[in-house]
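# Descriptive analysis of the structure
What follows is each chain in one-letter form.
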Amino acid sequence: MLTHQPNQERVAALVRELLIELGEDPNREGLLKTPERVAKAMTYLTQGYRQTPQEVLNGAVFESAANNMVIVRDIEIYSLCEHHLLPFYGRCHVGYIANGKVVGLSKIARIVDCFARRLQIQERLTEDIAKAIQEITGAEGVGVVMNCAHLCMMMRGVEKQNAVTVTSSVLGSFRDDAGVRAEFMSLVR
Ligand code: ZN
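Residues numbered from 1 in each chain as written. Predicted model: local features only at pLDDT ≥ 70, side-chain atom pairs only at ≥ 80, totals over all residues. Heavy atoms only, no water.

## Focus: the coordination of the zinc ion
- Looking at the metal site, the zinc ion is ligated by C81 (SG), H84 (ND1) and C152 (SG), spaced 2.2 to 2.3 Å from it.
- Written as a sequence motif, the donor residues of the zinc ion are C-x2-H-x67-C. A residue pair is termed long-range when its members are at least 10 positions apart, and C81 in strand β2 (residues 69–81) and C152 in helix α6 (residues 151–154) qualify at 71 residues. With respect to burial, C81 and C152 carry one shared label: buried. (Donors = N, O, S within 2.8 Å, 3.2 Å for Na, K, Ca; no water. Helix = DSSP H or I, 4+ residues; strand = E, 2+ residues; numbered from the N terminus. Buried < 20%, exposed > 50% of the residue type's maximum accessible area, 1.4 Å probe, protein only.)

Here you go:
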């Protein structure tokens, strides 16, 4: 976790410079407050750097004898690609088989955001989430699948508007047991 808080005035000054270099006039009415707004937005969109999964979890881990598969489907994801600082967004499905400990369902979405609100590539984001769930719960297995559209591919580059990138990360029994993995994949499809 980083403790560094972005200096809003400095970020705003940099955005102002960027606007000038892009050929814009930062003094025209529509742009007057843009540098401050961008500073605020970027700080929010990267707040995951200043959080840990433990912190967002806030103790919501409970003892449980159940060891069936728990799946939280269709968690909305909004992140920024680290190559272009452009958004990628989509849906994330998280499943795990508890080993004595379960985590509050709403907290899974909070853990997802803790990693999504950083500069990411989709592959690493998928893995970060799986590892965090594994670490927090000591689950016997974890699976994360994510389907995202990347604005850096849609608005520029190859300009493929309908391409969806699918990534998955499986740990423990989700990796080692083909039956468990197949059950998970069929439930999130
Ligand atoms: Zn990109």
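## Describing the nonpolar core
- Counting residues in each nonpolar core, the largest one holds 32 residues, and the members touching the most others are C92, V94, Y96 and I129.
- At the level of secondary structure, the elements contributing two or more residues to this core comprise α3 (53–57), β2, β3 (87–97), β4 (101–103), α4 (105–116), α5 (122–137) and β6 (141–150).
- When near neighbours in sequence (up to four residues on either side) are disregarded, I129 contacts C92, V94, V112, F115, V144 and M146.
- Residues I97, V145, M185 and V188 belong to the second largest nonpolar core, which totals nine residues. (Core = buried A, V, L, I, M, F, W, Y, C linked by side-chain atoms within 4.5 Å. Contact = heavy atoms within 4.5 Å.)

## So, the packing of α4 against α5
- Running from amino to carboxyl end, α4 crosses α5 at an angle of 135°, the nearest separation of the two axes being 9 Å. As far as their axial angle goes, α5 and α4 are oblique. Crossing of α4 over α5 shows right-handed handedness. Contacts between α4 and α5 involve I108, I111, V112, F115 and A116 from the former and L125, D128, I129, A132, I133 and I136 from the latter. (Axes fitted to C-alpha atoms, helices over the stretch in contact; angles between N-to-C directions. Parallel < 35°, antiparallel > 145°, perpendicular 65-115°, else oblique. Left-handed = near helix turned anticlockwise from the far one by under 90°.)

## A short note on the environment of D176
- Its place among the elements puts D176 in helix α7 (residues 173–176).
- Spatially, the C-alpha atom of D176 lies 8.9 Å from that of G141, the residues being 35 residues apart in sequence.
- There is a polar contact of 3.0 Å between the side chain of D176 and the side chain of R175. (Polar contact = N/O pair within 3.5 Å; in protein donor to acceptor, adjacent residues only side chain to side chain.)

## Observations concerning the pairing of β6
- Most of β6 is tucked away, with nine of its 10 residues classed as buried.
- Relative to β6, β3 is paired through 10 bridges, and the arrangement is antiparallel. Of the residues in β6, the one forming a bridge with G95 is G143.
- With eight bridges connecting them, β6 and strand β7 (residues 165–172) associate as antiparallel partners. The residue of β7 that forms the bridge with G143 is V170. (Pairing = 2+ DSSP bridges.)

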